[in-house]
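# Structural overview for review
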Amino acid sequence: MATYNELIKLGNEEFHRAGIEDADTDARLLLEYLTGMDRQELLLHGDEEADSLTEEEADNTDGICVKYQALLYERANHKPVQYITGMADFMGLRFHVDENVLIPRFDTEFLVEEMMREVGDGSSILDMCTGSGCILLSLMKYKNDIHGAGADISRAALDIARQNEELIFSTQGIKSPQHISLHNYNKEHKPVDWILSDMFENITGKYDYIVSNPPYIQSEVIPTLMPEVRAHEPRIALDGDMDGMKYYRIIAREAAKHLNRHGKLFLEIGYDEAEAVTKLLAEHEYKDIKILKDYSGNDRMAICTT
Ligand code: GLN
């Protein structure tokens, strides 16, 4: 038996030993997830026995302590918290994730925020390499009447994206650890076209905007990434081939055919890819090519028109 505070301490120590960066935060997050308590409640009940919440749990050999240790084990093996809890926050919304999709990144919020400035209500958007669907679905949530299409080569990813469409547009939303819905309003939306497609192979329509956060890491860099990324995130969502540019080349070649007049292309790019992507887009005669920096001051995004 142990108190909640003792469990957090245990987690913290175990994560320190395993070299986990945010040891204390992660130890708390996992306990919040397991108990359904929020940060404040955990502070308030910190000195109580974790397994004595209900009689049933106290008797249960598979109580909180045992379950918590199983979660600690997963995290100590560098599984990201989001894959353990199955939840990731992005643009103030809560998405479902598993190891078939990349965990939405804070850097990508910048891409969505830029697009929100640009995209008018009623527009059509294709999200190429949609993964969890987080880019497209947040745009649809915050704009009105968007016709959205999300394409991915992975059937498993599209299943997750479909679930996220339901979560984001249902009145309930996914329960946060606090068991409070983050999505408190239900908005009518046009159902998304989820398209199983190797890049543009099965894309027939034309759109006002195409957005993509394709795999863009150079193959040889992948083994040097954090174990959370290299051992747990889907390699097909990261690996942009030898020079990281494989998917930008396909997009540069194909996107113009699927954009309406005055359509725009928005790409997330790696911090060191601005020059190569600019050159590539110019070679394919895209206009008004702009590179934007993210909140950390790294080149993060390319925008252009046809
Ligand atoms: N930004 C991601 C990372 O740093 C890479 C995402 C991608 O390849 N699209 O791991």
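A short tour of the structure in this document, coming up. What you see is a predicted model, and the numbers here were worked out from it, not measured in a lab. (Residues numbered from 1 in each chain as written. Predicted model: local features only at pLDDT ≥ 70, side-chain atom pairs only at ≥ 80, totals over all residues. Heavy atoms only, no water.)

## Section: the site of the ligand
- Taken together, the neighbourhood of the ligand is formed by Leu102, Arg105, Asn213, Pro214, Pro215, Tyr216, Ile217, Ala237, Leu238 and Glu268.
- Between Asn213 and the ligand, the recorded distance is 2.8 Å, taken from a side-chain N or O atom to a nitrogen atom.
- With respect to the ligand, the backbone of Pro214 contributes an N or O atom lying 2.6 Å from a nitrogen atom.
- With the chains in place, 85% of the 300 Å² that the ligand exposes on its own is no longer accessible.
- One can see that the ligand is located within the second largest pocket.
- Among the residues making up the shell around the ligand, the classes are represented as 7 nonpolar, 1 polar and 2 charged. (Near = heavy atom within 4 Å. Polar contact = N/O pair within 3.5 Å; in protein donor to acceptor, adjacent residues only side chain to side chain. Areas by Shrake-Rupley, 256 points an atom, 1.4 Å probe, with all protein chains shown as cover. 1 Å grid on protein atoms, 1.4 Å probe; cavity = no way out; pocket = protein on both sides within 12 Å on 5 of 7 lines; lining within 4 Å. Sits in = over half its atoms within 2 Å of the grid points. Nonpolar A, V, L, I, M, F, W, Y, C, P; charged D, E, K, R; others polar.)

## Topic: the packing of aromatic side chains
- As enumerated under the stated definition, the model contains 5 aromatic pairs in all.
- With centroids separated by 6.2 Å and ring planes inclined at 70 degrees, the aromatic side chains of Phe90 and Phe95 adopt a geometry described as edge-to-face.
- Looking at Phe90, the relative accessible area reads 0%, which means it is buried.
- Arranged with centres 5.4 Å apart and planes meeting at 75 degrees, the rings of Phe110 and Tyr295 form a pair that is edge-to-face. Of this pair, Phe110 sits in helix 7 (residues 106–118) while Tyr295 is found in the loop between strand 8 (287–293) and strand 9 (299–305), placing the two residues 185 residues apart along the sequence.
- The class of Phe110 is buried, set by a relative accessible area of 7%.
- Classification of Tyr295 by relative accessible area gives partly exposed; the value is 48%. (Phe/Tyr/Trp six-rings, centres within 6.5 Å; stacked < 30°, edge-to-face > 60°. Buried < 20%, exposed > 50% of the residue type's maximum accessible area, 1.4 Å probe, protein only. Helix = DSSP H or I, 4+ residues; strand = E, 2+ residues; numbered from the N terminus.)

## A short note on the nonpolar core
- Formed by 30 residues in total, the largest nonpolar core has its most connected members in Leu126, Phe200, Leu265, Leu267 and Leu281.
- Where this core is concerned, the elements lending two or more residues are strand 3 (124–128), strand 4 (147–152), strand 6 (207–212), helix 11 (246–254), strand 7 (259–268), helix 12 (274–283) and strand 9.
- In terms of residues, this core owes the most to one element, helix 11, which gives 5 residues.
- With sequence-adjacent residues up to four places away left out, Phe200 is seen in contact with Leu126, Met128, Ile210, Ile250, Ile251, Glu254, Ala255 and His258.
- Formed by 28 residues, the second largest nonpolar core is a distinct cluster that contains Met91, Phe110, Ile125 and Phe169. (Core = buried A, V, L, I, M, F, W, Y, C linked by side-chain atoms within 4.5 Å. Contact = heavy atoms within 4.5 Å.)

## A look at the pairing of strand 9
- Within strand 9, 7 of the 7 residues are buried, which leaves the element mostly enclosed by the surrounding structure.
- Note that strand 7 and strand 9 share 5 bridges and pair antiparallel. Bridged to Leu267 within strand 9 is Ala302.
- With 5 bridges connecting them, strand 8 and strand 9 associate as antiparallel partners. Within strand 9, the residue paired with Leu292 across the bridge is Met301. (Pairing = 2+ DSSP bridges.)

## Here we look at the environment of Arg155
- Summarising the element assignment, Arg155 is placed in helix 9 (residues 155–169).
- Spatially, the C-alpha atom of Arg155 lies 9.8 Å from that of Trp194, the residues being 39 residues apart in sequence.

## Re unusual backbone geometry
- Phi angles above zero are rare outside glycine, and Met199 is one such case at about 50 degrees.
- Inspection of the secondary structure puts Met199 in the loop between strand 5 (193–196) and strand 6.
- At Asp288, a position not held by glycine, the phi torsion is positive, near 45 degrees.
- Along the chain, the position of Asp288 falls in strand 8.
- Residue classification places Asp288 among the exposed positions, given a relative accessible area of 56%.

## Side note on the side chain of Thr305
- For Thr305, the location among the structural elements is in strand 9.
- A distance of 3.2 Å separates polar atoms of two side chains, one belonging to Thr305 and the other to Asp288.
- Residues in contact with Thr305, not counting those within four places in the same chain, are Gly263, Lys264, Tyr286, Lys287 and Asp288.

## Some remarks on helix 9
- An ideal rise of 1.5 Å per residue puts 21 Å on 15 residues; helix 9 measures up with 21 Å between its terminal C-alpha atoms.
- Burial in helix 9 covers these residues: Ala157, Leu158, Ile160, Ala161, Asn164, Glu165, Leu167, Ile168 and Phe169.
- Against the buried residues of helix 9 lie strand 2 (93–96), helix 8 (134–142), strand 4 and strand 5.
- For helix 9, the N-terminal capping position is held by Ser154, with its side-chain oxygen 3.4 Å away from the main-chain nitrogen of Ala156. (Expected span 1.5 Å × (residues − 1).)

## Concerning helix 1 (residues 4–17)
- With 14 residues, helix 1 should reach 20 Å at 1.5 Å per residue; the first-to-last C-alpha distance of 20 Å fits that figure.
- Where helix 1 is buried, its residues contact helix 2 (23–35), helix 3 (39–44) and helix 5 (64–76).
- Downstream of helix 1 by one or two residues, Gly19 has phi in the positive range, about 75 degrees.

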